[in-house]
Amino acid sequence: MALNLNKNLKLYYSIKEVAEQFNLNESTLRYWETEFPYLKPKTTGPNNVRQYSQKDIEQIQLIYNLVKVRGFKLAAAKKIINQNRDGADKTADVLERLIAVRDELQLLKRELDGLQ
């Protein structure tokens, strides 16, 4: 069996790690947990430390794309997710790919400008 170097070895992430990944405040993530009932990270210990799984991070990515990237209000984002979960997921994936392509094209343009 070949070694999969792309495999994510970490099962859970702290709220700080997730907040940094999305450039959000930890309080924003806590608030989203109250607004989106399916976003429920595992809590452990006497202090109820939040542990986000990869599935939780995917949920946050979807919410982030709707609210921060596309500019929807939270109520509209909830409505979109509740009405068309699969469509919202696919839209988020497409948007993420388009942003990656745009960044790569901008990098290529800077490199080409440097050759002239």
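Described below are features of the structure shown in this document.

Criteria and thresholds
Residues numbered from 1 in each chain as written. Predicted model: local features only at pLDDT ≥ 70, side-chain atom pairs only at ≥ 80, totals over all residues. Heavy atoms only, no water. Salt bridge = Lys/Arg side-chain N within 4 Å of Asp/Glu carboxyl O. Helix = DSSP H or I, 4+ residues; strand = E, 2+ residues; numbered from the N terminus. Buried < 20%, exposed > 50% of the residue type's maximum accessible area, 1.4 Å probe, protein only. Phe/Tyr/Trp six-rings, centres within 6.5 Å; stacked < 30°, edge-to-face > 60°. Polar contact = N/O pair within 3.5 Å; in protein donor to acceptor, adjacent residues only side chain to side chain. Contact = heavy atoms within 4.5 Å.

**Digging into the pattern of salt bridges**
Right, so step 1: Per the counting criterion, the structure on display carries 5 salt bridges.
Right, so step 2: Between Glu 26 and Arg 30 there is a salt bridge, with the nearest N and O atoms lying 3.3 Å from each other. Taken together, the residues span about one helical turn, with Glu 26 and Arg 30 both in helix H2 (residues 26–35) at a distance of 4 residues.
Right, so step 3: Look at Glu 26 and you get partly exposed, because its relative accessible area is 30%.
Right, so step 4: Note on Arg 30: relative accessible area 34%, which makes it partly exposed.
Right, so step 5: Between Lys 78 and Glu 35 there is a salt bridge, and its shortest N-O distance comes to 2.9 Å. Placement of Lys 78 in helix H4 (residues 74–83) and of Glu 35 in helix H2 is noted, with a sequence separation of 43 residues between them.
Right, so step 6: Taking the relative accessible area as the measure of exposure, Lys 78 reaches 25% and is therefore partly exposed.

**Let's talk about the environment of Lys 10**
Right, so step 1: Of note, Lys 10 is situated in the segment before helix H1 (15–22).
Right, so step 2: Each C-alpha atom of the pair Lys 10 and Gln 54 lies 8.8 Å from the other, and the pair is 44 residues apart in sequence.

**Overview of the packing of aromatic side chains**
Right, so step 1: Applying the stated rule across the entire model yields 2 aromatic pairs.
Right, so step 2: Ring centres of Phe 22 and Tyr 64 lie 5.5 Å apart, and the angle between their planes is 45 degrees; on these two criteria the pair is classed as tilted. Taken together, the residues Phe 22 in helix H1 and Tyr 64 in helix H3 (residues 54–69) connect sequence positions 42 residues apart.
Right, so step 3: Overall, Phe 22 belongs to the buried group, its relative accessible area being 6%.

**Details of the side chain of Asp 56**
Right, so step 1: Note on placement: Asp 56 falls in helix H3.
Right, so step 2: A distance of 3.0 Å separates the side chain of Asp 56 from the backbone nitrogen of Ser 53, its partner in a polar contact.
Right, so step 3: Non-local contacts of Asp 56, meaning those with residues more than four positions away in its chain, are made with Leu 39, Lys 40, Pro 41, Lys 42 and Gln 51.

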